[in-house]
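One-letter residues, chain by chain:
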Amino acid sequence: MPGALVPKPVVLHTADRAREFVRDRRASRQGIALVPTMGNLHEGHLSLARLARAEADVVVATIFVNPTQFGAGEDYESYPRTLDEDLSLLYAAGTVDAVFVPDEGEIYPFGADEAVRVSMPALSRELCGASRPGHFDGVASVVCRLLNIVTPDVMVLGLKDYQQLIVIKRMVADLGIGVRVVSGRTMRDTDGLAISSRNRYLTDEERVRAPLLYAALEKVAGAIRNGDGNYGALQQSAADELRASGFVPDYVEVRRAADLARPNGRQPPDELIVLAAARLGKARLIDNLDLRERELATSDVSAST
Ligand code: PAF
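Trainee: Is there a simple way to think about the overall build of the protein chain in this case?
Mentor: Helices and strands together make up the secondary structure of the protein chain, namely 10 helices and 9 strands. Against the compact-globule benchmark of 19 Å for 305 residues, the protein chain has a radius of gyration of 19 Å, which places it among compact chains. In terms of overall dimensions, the protein chain has C-alpha extents of about 55 × 40 × 35 Å along its principal axes. With 305 residues in all, the protein chain has 55% of them scored as buried. Considering only contacts in the protein chain between residues 6 or more positions apart, those separated by 24 or more positions represent 74%. Surface exposure of the protein chain reaches about 14000 Å², of which carbon and sulfur atoms provide 51%. Taken as two groups, the 36 positive and 42 negative side-chain charges of the protein chain have centres that lie 3 Å from each other.

Here it is in C-alpha cells:
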C-alpha cells in the first residue's frame, strides 16, 4: 500500500537478486518506485524516499558511486562512501523496502571503460556539462542500466540536480522507457544552502559563505520578477558578486524551466529558472531557483545544519 512504513529494508548486492526481488513484488501486483543515489545519504535523499513511498507500494533505493559520470581529476576516488551510516538512516526512516548496492561488475559487466554508453544530445554539454565533459552521458548510462535492472513504474529524482532531471527525462522519452519520472523539491538548511553530499568538502568558514550561492539566485530571480529582462547583465553581475565573495563560478544562467533552452526574451518570468554552479574551496556547489516558486516553503527547509 503506498505510504505505509516498512520494517528493515532488504540489502541486495547483485542484479539477479534485485530482479528476483522486483519479480516477487510484481507477482502480487505491487507497483515499484526507484530512488537512485550515490549514497552518503542525507535529508534530501530521505525526502525523495518519502515521495517514492507515496507513489508506489514498494520502494527500491540504489547506492552506487558511478565511475562513468566522474571526469579525470574529479572526486570519484574521494567521494564519501558511508554504507553503514546510509543503511542505518534508511532503517530508521522506514521508507525503503530494498537497497540495491551493486559493485561495479554488476552494473558494468564488461568493465566501465568498455561499457556501452548512452550519448545525450547538446544540452548535456551545456551548463554543468560544459565544465564536466561526459558527465551526463555517464549519468544517463548508469540510470538506463538501473532502470533495466529494477524496471520501476516510477523513478524519483531531486530538483537540485535540475539539469540531470531534464536530461534523464529526455532519455526516458527518447528511448521510450516505460517509467514515470517524479521530481522532489530541494531540501535546504535554515540559511538557504541546498543540502548536498558535497557540502562536507566545505571548511567551517566556507560553510558560512556557501548560502551566498542561493542568495545570488534569489537576487537574479527577484530582478526578473520586477521586470528586468537583461538576463546577460544579471548573470554577469551575479557571477561577479560570487567571485568577490571567494567563489569561482562556472556559470549563472537564466534558462527556460521546461527544457533548459535559452530564453528568447518573450517568456513570462514564471517559465524561467535561474541556475548556478560555483566552486568554493574544494566543493563544487550547484543550485537553482525556479521562478514558479514564490518563496521557500517551510516544508522544504531542514533543521539540520
Ligand atoms: O544524482 C545522483 O546521485 C546521481 O547522478 C545518480 C542519479 C544516482 C546517478 O548516478
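Having seen the structure, we can now continue with the description.
Trainee: Is there a simple way to think about a negative patch on the surface in this case?
Mentor: A cluster of like negative charges, contributed by Asp103, Glu104, Asp113 and Glu114, occupies part of the molecular surface. The residue Glu114 is located in the loop between helix H4 (104-107) and helix H5 (128-131) in this model.

Trainee: Looking at this model, I keep getting lost on the site of the ligand. Mind explaining?
Mentor: By nearness alone, every residue bordering the ligand is listed as Pro36, Thr37, Met38, Asn66, Gln69, Val142, Asp161 and Gln164. Within the side chain of Gln69, an N or O atom sits 2.6 Å from an oxygen atom of the ligand. One of the side-chain nitrogen or oxygen atoms of Gln164 is found 2.7 Å away from an oxygen atom of the ligand. Protein chains shield 89% of the accessible area of the ligand, which is 290 Å² for the free molecule. Each residue belonging to the shell around the ligand can be placed in one class, and the counts come to 3 nonpolar, 4 polar and 1 charged.

Here is what the cut-offs are and how they apply
Residues numbered from 1 in each chain as written. Predicted model: local features only at pLDDT ≥ 70, side-chain atom pairs only at ≥ 80, totals over all residues. Heavy atoms only, no water. Helix = DSSP H or I, 4+ residues; strand = E, 2+ residues; numbered from the N terminus. Rg over C-alpha atoms; globule rule 2.2 N^0.38 Å. Buried < 20%, exposed > 50% of the residue type's maximum accessible area, 1.4 Å probe, protein only. Contact = heavy atoms within 4.5 Å. Areas by Shrake-Rupley, 256 points an atom, 1.4 Å probe, with all protein chains shown as cover. Lys, Arg positive; Asp, Glu negative; His and termini not counted. Charge placed at Lys NZ, Arg CZ, Asp CG, Glu CD. Patch = residues over 30% accessible without salt bridge, like charges linked within 9 Å, V, L, I, M, F, W, Y side chains within 5 Å. Salt bridge = Lys/Arg side-chain N within 4 Å of Asp/Glu carboxyl O. Near = heavy atom within 4 Å. Polar contact = N/O pair within 3.5 Å; in protein donor to acceptor, adjacent residues only side chain to side chain. Nonpolar A, V, L, I, M, F, W, Y, C, P; charged D, E, K, R; others polar.

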